[in-house]
Amino acid sequence: MKEKRTFFVSGIDTNIGKSYATGYIARQYMSKGYKTITQKFIQTGNIGFSEDIQLHRKIMGTGPLPEDDTLLTSPVILPYPASPHLAAKLQNTAIPCENITQATKMLEQKYDVVLVEGAGGLMVPITENFLTIDYIQQNNYPVILVTSGRLGSINHTILSLEALKNRNIKVDSLVYNTYPQTDACIEDETIQYLKNYIKNYFAETTFEIIPEINIDPVIQK
């Protein structure tokens, strides 16, 4: 029997390629024989569906899954494209974190691997007094941290790593997203610098480079 695994996928910032990385990592687990699903714990900027889940499925090559139709993989969807706390405030609602956790547990019962994608970076507020990193720590999720070669990434990556270390949260892997391509000189230096950094300070953390993905046509249900 395969070991059950649940990971929280966070980025060093917004628009860093979390959804792209989440879909790719899910596809890699599937290729190794793991029954794998992804979840978007809070989706903003959509109504009635999660565009991030749609991208995951396109990269995974599965098409929509039954758990997508019941919104188990996107338990909170808010229309305003903002941080969760603001998007919820504008809807005059509260984000039910316990419902998100319960949805994840239901996915864990059926799948070997569950990848929970966050919204933005670690310090994005879910409520006025509760951050994404608080939610990760509360649920004891190991983190897959997504970075890239855009200018400022080294700083943001190290700040994120140190924040996780300060909370005693395990960093399973640091994932470097190469798509879309950035300045080649900056990218090469960023990769080497971050490799050396985790080797020296996060020895149990793996480093993975995600290439540009050839997305196959979506398989219809």
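Here the structure is a predicted model, which is why all the values come from computation and not from measurement. (Residues numbered from 1 in each chain as written. Predicted model: local features only at pLDDT ≥ 70, side-chain atom pairs only at ≥ 80, totals over all residues. Heavy atoms only, no water.)

Caption draft 1: Just the side chain of Asn177, in detail. With respect to the helices and strands, the residue Asn177 is situated in strand β9 (residues 171-177). Judged by relative accessible area, which is 2%, Asn177 ranks as buried. A polar atom in the side chain of Asn177 sits 3.3 Å from the backbone oxygen of Ile16. Leaving out residues up to four positions away in the same chain, Asn177 has contacts with Ile16, Gly17, Tyr20, Val146, Thr147, Ser148, Gly149 and Ile210. (Helix = DSSP H or I, 4+ residues; strand = E, 2+ residues; numbered from the N terminus. Buried < 20%, exposed > 50% of the residue type's maximum accessible area, 1.4 Å probe, protein only. Polar contact = N/O pair within 3.5 Å; in protein donor to acceptor, adjacent residues only side chain to side chain. Contact = heavy atoms within 4.5 Å.)

Caption draft 2: Just the packing of aromatic side chains, in detail. The full count for this structure, using the stated rule, is nine aromatic pairs. Positioned above the aromatic ring of Tyr111 is the side chain of Lys35, whose terminal nitrogen or guanidinium carbon lies 5.1 Å from the ring centre. It is Lys165 that lies over the ring of Phe202; its NZ or CZ is 5.6 Å from the centre. (Phe/Tyr/Trp six-rings, centres within 6.5 Å; stacked < 30°, edge-to-face > 60°. Lys NZ or Arg CZ within 6 Å of the ring centre and 35° of its normal.)

Caption draft 3: Summary view of the environment of Ala103. Mapped onto the elements, Ala103 comes out in helix α5 (residues 97-110). Along the backbone, Ala103 and Glu204 are 101 residues apart, and their C-alpha atoms lie at a distance of 29 Å. Aside from chain neighbours lying at most four places away, what touches Ala103 is Gln39, Leu72 and Pro75.

Spatial relationships are all this shows, so hold off on functional conclusions.
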